[in-house]
Amino acid sequence: MKLKIRESVLPLLPSLDQHRKSNVALNREIVKQLISITVFLGQHCLSFRGHREHWKDHLRGNFKDLVLLLSEHSPALLSHVTSLKTKGRKEDSFISWDRQNLLIESVSKNIADKIVTDIKASQVFSVSVDSTFDVSHKEQVSFIIRYVDETDGKVMERLIALKESPHTTGTVLAELFDNVFKQNNIEWKKYLVGQSYDGAANMSGQYNGLQAKIIEKNPHALYIWCSAHRLNLIVSQAVGSCLNAIDLFGKLEKMFTFISGSKKRAAIFREKQKMLYPKKQIRSLKRVDTTRWMSHSYALTTILDTYYAVYLTIEEIQITEGTSDYMLGSECLGLLSYITSYRFIITAFTFKTIFDVLEPLNRILQARDIDILSIVSVINKVKNIIQLYRTDEKFNKIVEDVKGFVEACEIENFTPLENVRSRKKIVPRKADELCQDETVQDPLKKFKIDTFFLVLDLIITQINNRFTDNNLEVLKDLALLSIKIINEIKINPDNIPKDAFKSVCSVYHTFLNINDVKREYEQYIQSDFNLSNKLPDYLHSCLNDTSNNSDYSDDESMSQESLKTYQNSSSLLCVYKEFCLNGFKTIFPNLFMLIKIGVTLPVSSCSPERSFSKLKLVKTRLRSSMGENRLEDLIRITCESDIDINVEAVIDDFASKSVVLTKALKY
């Protein structure tokens, strides 16, 4: 009987197997469309679920509503949704809340695997770490890895992990750092060549900071203080360097609070702008925040661009509300008195002139594909410009601009600068002292000395102090690889220093041999290969090399188009791309590795800050209870949206999550 049954069933087996394969193909097509929905919601920082998700509800959450929307154009998805509505839980569902989490996890894992594969192919990499407080009062630590692609020479900065850590001491961060790289199977003790953090003690501490803990286990992981944070500290000190600067930015913050703190006053400010600037976009006042990049510049520029509208707004508020509220009226009179004074205008124009140079530099320092050698060059150019500003001619030019601005305004009575009253101080003279200090009587000259020159001197001093790296000897060796010096040495090969590449090869002795590097460098200098100088004559219109130009133009402002054109130009990166495209890496392998290390060294830790911007969009007040694993997966999807996802690999990983999914999705 068993034999008869087998013989009768045997013809049905191929048809049953074919039916199972057709069901698996249908399910994989359905999951493929669900993956597209998952990627779309993740990349746009949108929520997946809603408050009520029953089929009878009008709104069922973003994920289910997109499933219903796509089912109108997809027969496979339509049949699946119809089965779910009729059979309910008896049918294999791919859209429940736990299946959504598994889809997010599979997509994130596919992105992470591609990043790890690229890192291992690049061999060397650097890391940037920063932490922030999220909406649920948890400390989130972001890990960004910087590496270069040998195929096209592009610099990549990728999010490798986002971990929650209640304690952020150097020891705890070092343990978390090691765990992250162990989870991703990356050998950081061997291939990590650089690290970049902000100036916090737990990060940059000489003994117990994260960078010190890492250097203990990996001596060639050079620590580089974030250049953008350094510039931000310089600006913060400049805006608090003198009484006029303190008064200026204090009043800017007060005007922001005064106008933006009331709906009625904000509406008046918008109406004045529509009346005065009918063809321009309506603008709002900006807050002066020391933790935001160049917020002082944005706040000052907005006030100057909408100056007359601000004046009329405060004047109208003083007339309509100030008569009944004496405190409000006094505040309006104080603001009007200040903004209609030459002290405000000339101080504002002084800092606007300085910010016109520092703001483009700030944007350049935040670029991903700029190398450490270019930063040194750009900083030197900015310092030269600031030094050239410290002249009577430049100050007189600012005074002329102030007079033109005042004449263009329709305000009659501007308060001039106050004359300084000379006071006799009875100070006992010393033995050989024959004279006493005299008080400067001219108010304009006093402003030039006490404010203009003081701010410029402080910026120059701070640039010299803060942008002096401990790794200066390594930078000198890397400078021999720039296009300019290579072309100069080609003319006279005897100019190669005798101790060339000594410091950099001693730091990276596991990757480089000084004799091989010198030999290949000399061979390259003597060869007929020429690097095409792709750098522009000027890295930026406001960053011109003015060391030999006494007649320096006063037009240092940078346009947005020139910023996009030149902000990512970098000498080492150009050399690296030439080596990649022309096949020099096989001819000069040691020299190519040295150039790769130079490009891989981090410049700033701005990429973790960018991931925190995405964190605010993903983990909002309504999504504050999100789990850490789901949060990390969603942040990775939205931050690395340019990585192409292998859908078939995601489906296979999704199918391996449970036995039911394996049966439904595996052939």
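Trainee: Please set out the overall build of the protein residue by residue, giving values where relevant.
Mentor: The helix and strand inventory of the protein stands at 31 helices and five strands. In terms of its C-alpha atoms, the protein occupies a principal-axis envelope of roughly 130 × 80 × 45 Å. Taken over 667 residues, the protein has a buried fraction of 50%. Element-wise, carbon and sulfur atoms account for 51% of the exposed surface of the protein, whose accessible area totals about 34,300 Å². Taking the average place of the 88 positive charges on the side chains of the protein and the average place of its 83 negative ones, the gap between the two points comes to 7 Å.

Trainee: Can you break down the confidence of the model for the protein residue by residue, with the values?
Mentor: Low pLDDT marks regions whose predicted coordinates should not be analysed in detail. Averaged over every residue, the pLDDT of the protein is 85; the share at 70 or more is 90%. Within the protein, helix α24 (residues 560-566) has the poorest average pLDDT of any element, 38, and helix α29 (residues 628-639) the best, 95. Across residues 533-570 the pLDDT falls below 50, and counting only partners more than four positions away or on other chains, this stretch makes 71 contacts in the model.

Trainee: Please give an account of the nonpolar core that cites residues and values.
Mentor: By size, the foremost hydrophobic cluster in this structure holds 129 residues, and its most contacted members are I314, F501 and Y521. Among the elements that make up this core, the one with the highest residue count is helix α16 (residues 342-365) (13 residues). What Y521 contacts, discounting residues up to four positions off in sequence, is L480, L481, I486, I489, I496, F501 and L591. Membership of the second largest hydrophobic core comes to 69 residues, among which are V31, V67, V116 and L615.

Trainee: Outline the side chain of K448, supporting the account with residue identities and numerical values.
Mentor: Take K448: it is sitting in helix α19 (residues 443-466). On the basis of relative accessibility, which here comes to 15%, the residue K448 falls in the buried class. Those residues in contact with K448 that sit more than four places away from it in its chain are D392, F395 and F453.

Trainee: How would you summarise the pattern of salt bridges if you had to cite specific residues and measurements?
Mentor: Within this structure, the stated rule accounts for 35 salt bridges. Between D247 and K251 there is a salt bridge, and its shortest N-O distance comes to 3.1 Å. On the criterion of helical spacing, the pair formed by D247 and K251 is a turn pair, its members being four residues apart in helix α11 (residues 243-260). Of the charged contacts in the structure, one is a salt bridge between K448 and D392, with a shortest N-O distance of 3.0 Å. With K448 in helix α19 and D392 in helix α18 (residues 392-408), the pair connects residues that are 56 residues apart, well separated along the chain. Here the salt bridges share partners, and the residues they tie into one network are R28, K32, E648, D652 and K666.

Trainee: Lay out the packing of α18 against α19 with the relevant residues and their values.
Mentor: One way to put it is that α18 packs onto α19 with a least axis distance of 12 Å and a crossing angle of 110 degrees. Between α18 and α19, the angle is such that the two are roughly perpendicular. Note on element contacts: α19 touches α18 through L444, F447, K448, F452 and F453, opposite D392, K394, F395, I398 and V399. Across the contact of α18 with α19, the residue classes break down as seven nonpolar, no polar and three charged.

Trainee: Give me α18: which residues, what numbers.
Mentor: Spanning 17 residues, α18 covers 24 Å between terminal C-alpha atoms, matching the ideal 24 Å at 1.5 Å per step. When α18 is considered as a whole, its buried residues turn out to be K394, F395, I398, V399, V402, F405 and V406. One face of α18 carries all of its buried residues, which in axial projection span an arc of 145 degrees. For α18, the exposed residues set more than 90 degrees away from the buried face come down to E393, E407 and A408. Those residues of α18 that are buried lie in contact with α13 (295-305), α14 (307-320), α16, α17 (372-389) and α19.

Trainee: Which residues make up the packing of α13 against α16, and what values go with them?
Mentor: Relative orientation of the contacting elements α13 and α16 amounts to 130 degrees, with a least axis distance of 9 Å. When the axes of α13 and α16 are compared, the pair comes out oblique. Crossing of α13 over α16 shows left-handed handedness. The residues of α16 that touch α13, namely those facing H296, S297, Y298, L300, I303 and L304, are F344, A348, F349, F351, K352, F355, E359 and R363.

Conventions used here
- Residues numbered from 1 in each chain as written.
- Predicted model: local features only at pLDDT ≥ 70, side-chain atom pairs only at ≥ 80, totals over all residues.
- Heavy atoms only, no water.
- Helix = DSSP H or I, 4+ residues; strand = E, 2+ residues; numbered from the N terminus.
- Buried < 20%, exposed > 50% of the residue type's maximum accessible area, 1.4 Å probe, protein only.
- Areas by Shrake-Rupley, 256 points an atom, 1.4 Å probe, with all protein chains shown as cover.
- Lys, Arg positive; Asp, Glu negative; His and termini not counted.
- Charge placed at Lys NZ, Arg CZ, Asp CG, Glu CD.
- pLDDT = per-residue confidence, 0-100.
- Contact = heavy atoms within 4.5 Å.
- Core = buried A, V, L, I, M, F, W, Y, C linked by side-chain atoms within 4.5 Å.
- Salt bridge = Lys/Arg side-chain N within 4 Å of Asp/Glu carboxyl O.
- Axes fitted to C-alpha atoms, helices over the stretch in contact; angles between N-to-C directions.
- Parallel < 35°, antiparallel > 145°, perpendicular 65-115°, else oblique.
- Nonpolar A, V, L, I, M, F, W, Y, C, P; charged D, E, K, R; others polar.
- Expected span 1.5 Å × (residues − 1).
- Arc of directions from axis to C-beta.
- Left-handed = near helix turned anticlockwise from the far one by under 90°.

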